[in-house]
Amino acid sequence: MNALQHKYAKDIEKVLAKYPADRKQSAVMPLLYIAQRDGGYVTKQDLVEIGEILDMSTTEVASIVGFYTLYHDQPAGTYRIQVCTDLSCALRGADEFLENLCENVGIKVGETTEDGLVTIEAVMCLAGCDKAPMFQVQSPEGIEYHENQTVESTLALIESWKQEKED
Amino acid sequence: MAEQKVTGHHILLRHRDIPEIGEFEVYTAQGGFETFKKVVTTMEPEAIKQLVLDSGLRGRGGAGFPTGRKWMFVDDNNWPHYLVVNADESEPGTFKDREIMSKNPWQFLEGIMCSAFAIGANDIYIYLRGEFWQIAHELDRQIEKLHAESLLGEKLFGTDYALNIYTHLGAGAYICGEETALLNSIEGIMGQPRLRPPFPPAVGLYGKPTVVNNVETLANVALILEKGAAWYRSFGTAESAGTKVFSLSGRVKKPGNYELPLGTTYRQLIYEYGGGIMGDGKIKGIMSAGASSAVIVATDEVLDTPMAYESVPSLGADLGSASVIILDETVDMRWLINKTIDFFKHESCGKCTPCREGTFWMQKLTTRIASGDAGEADVELLHNVAKNMQGKCLCALGEFSTMAVASSIERFSEDFKV
Ligand SMILES: Cc1cc2nc3c(=O)[nH]c(=O)nc-3n(C[C@H](O)[C@H](O)[C@H](O)COP(=O)(O)O)c2cc1C
Ligand code: SF4
Ligand code: FES
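What you see is a predicted model; the values in this text were computed from it and never measured.

Caption draft 1: Local environment of the overall build of chain A. When its secondary structure is counted, chain A shows 8 helices and 4 strands. Order of helices (α) and strands (β) in chain A, N terminus to C terminus: α-α-α-α-α-β-α-α-β-β-β-α. Seen along its three principal axes, the alpha-carbon backbone of chain A occupies a region of about 50 × 35 × 25 Å. Scored against the burial criterion, the 167 residues of chain A give a buried share of 51%. Summarising the internal contacts of chain A: among those between residues at least 6 apart in sequence, 59% fall at separations of at least 24. Roughly 7800 Å² of accessible area belongs to chain A as shown, and the carbon and sulfur atoms make up 49% of that amount.

Here you go:
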């Protein structure tokens, strides 16, 4: 048993039960999400261990990480604020929102705050096009939508994370 | 065209009429899961397929293929069969499946359960885009509830029929909405499209006969089986039966989902339901099917066109997933095509050269054109690149990427004058 199996035995078992016994490779995406719960990104060791569990080469697992935008191979802020700047949102002020937000937080798109709490990213359509400006927050706890946002409401959200961290 | 009936009530967005329908008890109090029971205990799969064919239901994922016909293609000499639900919903401007699954989940689930029985599938995979993480977790809980209620599992209602549902989360890739890329993604390999034929009803998930249908398509099925094909056909037009959830976005006062009979006009959608243009400005263009669609010049004639599978093509566009993006006179078409190409360049899976290279060059050119530094020759070159890609790409994404570009240059030439 490797470290991942040790830590998440039950979750891994549940995931594997979803697919035919001879089709274990199907579990690669859910296992990557499980691996990402620690630290918000997939480590080299995770690739090796997922490969062991699913009989895949490390390269194969890495190719999956590279193909999808929600898997990360580098650490970033605990909370990734992913603002949609795609067409429908941009028609309702998303680009200006992102610019103002970055200015207020004091970082550029793609950067992380010094305390390591927040990364701001621009992403493609999130299926919330009627509620722009909107973003999702990707964190170790999962993904959460925030719609009809203003810079003020977003700054308040960031403030609440800071409080939580201090408590 | 058949006469339209305005329903005054919802078929799909029923939570807008019955607010608590997301509660299991409220849904069953409305007769929920009675149809599933009737189907499993008294109906033959062939009869169900025929009924769905007769209802005129067509795929809501974009192509509008008759659902009953697709089900009839499933190869009965090769088992097991799978039902895969396409909940990838990643087309810019599309947000209907998200509302259906999160607000009216039991009807969606009953629809997919009846559909699975019709095609002889014992396993259903719901493929959700990774961003729908919360919805997937809700669905997992709802699936557990269905097991607890003996509506899923072995020997349902004392018959030999067994059924299970599993959710599978994607991880941020528009191409995984293409049905064969989606199947690869479930199989744990890179989500790139397969060569077709064979089509999924012959060779699909794990090489087995598979039906891939959109969320909205299948959310209709339980009610069609309950009330009959003639009932469903009483909404919409002769060739476009039923209602459709139109996702309205862009420069309108009241963006949102509107469930209306197919055949409703653009004018009704935009002005009656959408409240008209922001700031009472002037409408300029319509994208009828999200970022993948050609842009239509919004003339009076266009506004009076029915939104139906058979009518929109006369405007040089498609109904598609009916994600209607409204452009007003503040929108510069040079900016618009740069936005759409940013999307397609980002989402091209890179498997075939025309799409990979084409989106790369179109991004370079549209960026220059949008910044105002381009000459007439650049616009001409861009148009050529787009036209040359058409018909040469392995999957429809490549083709989609050219639609807004080519149509904007052709139909809004004023915006491209230097
Ligand atoms: C690039 C691309 C993206 C697509 N995205 C979706 C999607 O997000 N949801 C969907 O239902 N269909 C999508 N489709 C269409 C599917 O390939 C398929 O036709 C559809 O799921 C069939 O279901 P239906 O017959 O119920 O419409 C996409 C197609 C392409 C080419
Ligand atoms: S057309 Fe584009 S998205 Fe489709 S297979 Fe080719 S490269 Fe991939
Ligand atoms: S365009 Fe932003 S959520 Fe769809």
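Having put the structure on the table, let's press on.
Caption draft 2: Molecular detail of the domain arrangement of chain A. Structurally, chain A comprises domain 1 (3–67) and domain 2 (79–166). Inter-centroid distance (C-alpha atoms) of domain 1 of chain A to domain 2 of chain A is 29 Å.

Caption draft 3: Spatial organisation of the interface of chain A and chain B. Contact residues are listed per partner, giving 41 residues for chain A and 59 residues for chain B. With both chains or domains summed, chain A and chain B bury close to 3900 Å², and 59% of this area falls on carbon and sulfur atoms. When the buried area of chain A at its contact with chain B is split by residue, Phe67, Leu87 and Leu91 of chain A rank highest and sum to 18% of it. Residues lysine 339 of chain B and aspartate 95 of chain A are paired through a salt bridge, measuring 3.4 Å at the closest nitrogen-oxygen approach.

Caption draft 4: Main features of the packing of aromatic side chains. Per the stated rule, a full pass over the model turns up 23 aromatic pairs over all chains. Between phenylalanine 117 of chain B and tyrosine 161 of chain B, the aromatic rings sit 4.9 Å apart at their centres with planes inclined by 85 degrees, giving edge-to-face as the arrangement. With a gap of 44 residues between them, phenylalanine 117 of chain B in helix α6 (residues 105–119) and tyrosine 161 of chain B in the loop between α7 (133–148) and β3 (164–169) connect regions that are remote in the sequence. The class of phenylalanine 117 of chain B is buried, set by a relative accessible area of 10%. In this structure tyrosine 161 of chain B comes out as buried when scored by relative accessible area, which is 9%. Seen in terms of ring centroids, tyrosine 174 of chain B and phenylalanine 343 of chain B are 4.8 Å apart; in terms of plane orientation they differ by 65 degrees. Their pairing is edge-to-face. Taken together, the residues span a long stretch of sequence, with tyrosine 174 of chain B in the loop between β3 and α8 (179–186) and phenylalanine 343 of chain B in helix α14 (residues 333–347) at a distance of 169 residues. For the pair tyrosine 174 of chain B and phenylalanine 343 of chain B, a shared accessibility class is recorded, and that class is buried. Members of the aromatic cluster, joined through ring pairs, are Tyr19 of chain A together with Tyr82, Tyr125, Tyr166 and Tyr206 of chain B. For the cation-ring pair, arginine 129 of chain B lies above phenylalanine 132 of chain B, with the distance from its terminal atom to the ring centre recorded as 5.8 Å.

Caption draft 5: A look at the site of ligand 2. The environment of ligand 2 is made up of 13 residues, and the closest members are Cys349, Lys351, Cys352, Cys355 and Cys395 of chain B. Residues of the shell around ligand 2, tallied by class, amount to 9 nonpolar, 3 polar and 1 charged.

Caption draft 6: Region of the structure containing the nonpolar core. By size, the foremost hydrophobic cluster in this structure holds 155 residues, and its most contacted members are Tyr68 of chain A together with Phe108, Leu109, Ile112, Met113, Ile126 and Leu128 of chain B. If one sorts the elements of this core by residue count, α6 of chain B sits on top with 10 residues. Once you skip the residues sitting within four places of it in the chain, isoleucine 112 of chain B turns out to touch Leu83, Val85, Ile124, Ile126, Ile165 and Leu218 of chain B. Leu248, Leu260, Ile283 and Leu315 of chain B belong to the second-largest nonpolar core, a separate cluster that totals 26 residues.

Caption draft 7: Structural context of the domain arrangement of chain B. All names here are of chain B. Taken domain by domain, chain B comprises domain 1 (14–233), domain 2 (243–328) and domain 3 (333–412). Inter-centroid distance (C-alpha atoms) of domain 1 to domain 3 is 34 Å. The interface is formed by 9 residues belonging to domain 1 together with 10 residues belonging to domain 3. Where domain 1 abuts domain 3, roughly 860 Å² becomes buried across the two surfaces, and 73% of that area is made up of carbon and sulfur atoms. Run the count over domain 1 and domain 3 and you get 3 residue pairs in polar contact (both at pLDDT 80 or more).

Caption draft 8: Just the packing of helix α7 (residues 94–105) of chain A against helix α8 (residues 151–166) of chain A, in detail. All names here are of chain A. Where α7 meets α8, the closest approach of the two axes is 10 Å, and the angle between their N-to-C directions is 45 degrees. Classified by the interaxial angle, the pair formed by α7 and α8 is oblique. Crossing of α7 over α8 shows right-handed handedness. Only Val151, Thr154, Leu155 and Ile158 of α8 make contact with α7, whose side of the interface consists of Phe97, Asn100, Leu101, Asn104 and Val105.

Caption draft 9: Representation of the pairing of strand β5 (residues 243–250) of chain B within the structure. Residue and element names in this part refer to chain B. Counting buried positions over the 8 residues of β5 gives 8, a clear majority of the element. Examined bridge by bridge, β5 and strand β6 (residues 256–261) share 6 bridges and lie antiparallel to one another. If you follow threonine 243 over to β6, its bridge partner there is proline 261. Here β5 hands over to β6 after 5 residues, the two strands then running antiparallel side by side. Summarising the sheet, β5 and strand β9 (residues 323–328) pair through 4 bridges and their orientation is parallel. From the neighbouring strand, serine 247 faces β9, where its bridge partner is serine 323.

Caption draft 10: Representation of the sheet that holds β3 of chain B within the structure. Residue and element names in this part refer to chain B. Taking strand neighbours across the sheet as the criterion, the 4 strands line up as β3-β2-β1-β4 in an open arrangement whose pairing is parallel. Edge positions in the open sheet fall to β3 and β4 (210–214), since each of these has one partner strand only. With strand direction ignored, the average angle separating the axes of adjacent strands in the sheet is 20 degrees. Here strand β2 (residues 121–128) runs beside β3; their pairing, made up of 6 bridges, is parallel. Residue pairing for β3: isoleucine 124 is matched across the bridge by isoleucine 165.

The rules behind these values
Residues numbered from 1 in each chain as written. Chains lettered and ligands numbered in written order. Predicted model: local features only at pLDDT ≥ 70, side-chain atom pairs only at ≥ 80, totals over all residues. Heavy atoms only, no water. Helix = DSSP H or I, 4+ residues; strand = E, 2+ residues; numbered from the N terminus. Buried < 20%, exposed > 50% of the residue type's maximum accessible area, 1.4 Å probe, protein only. Contact = heavy atoms within 4.5 Å. Areas by Shrake-Rupley, 256 points an atom, 1.4 Å probe, with all protein chains shown as cover. Domains from an automatic or database assignment. Buried area = accessible area lost by both parts, 1.4 Å probe. Salt bridge = Lys/Arg side-chain N within 4 Å of Asp/Glu carboxyl O. Phe/Tyr/Trp six-rings, centres within 6.5 Å; stacked < 30°, edge-to-face > 60°. Lys NZ or Arg CZ within 6 Å of the ring centre and 35° of its normal. Near = heavy atom within 4 Å. Nonpolar A, V, L, I, M, F, W, Y, C, P; charged D, E, K, R; others polar. Core = buried A, V, L, I, M, F, W, Y, C linked by side-chain atoms within 4.5 Å. Polar contact = N/O pair within 3.5 Å; in protein donor to acceptor, adjacent residues only side chain to side chain. Axes fitted to C-alpha atoms, helices over the stretch in contact; angles between N-to-C directions. Parallel < 35°, antiparallel > 145°, perpendicular 65-115°, else oblique. Left-handed = near helix turned anticlockwise from the far one by under 90°. Pairing = 2+ DSSP bridges.

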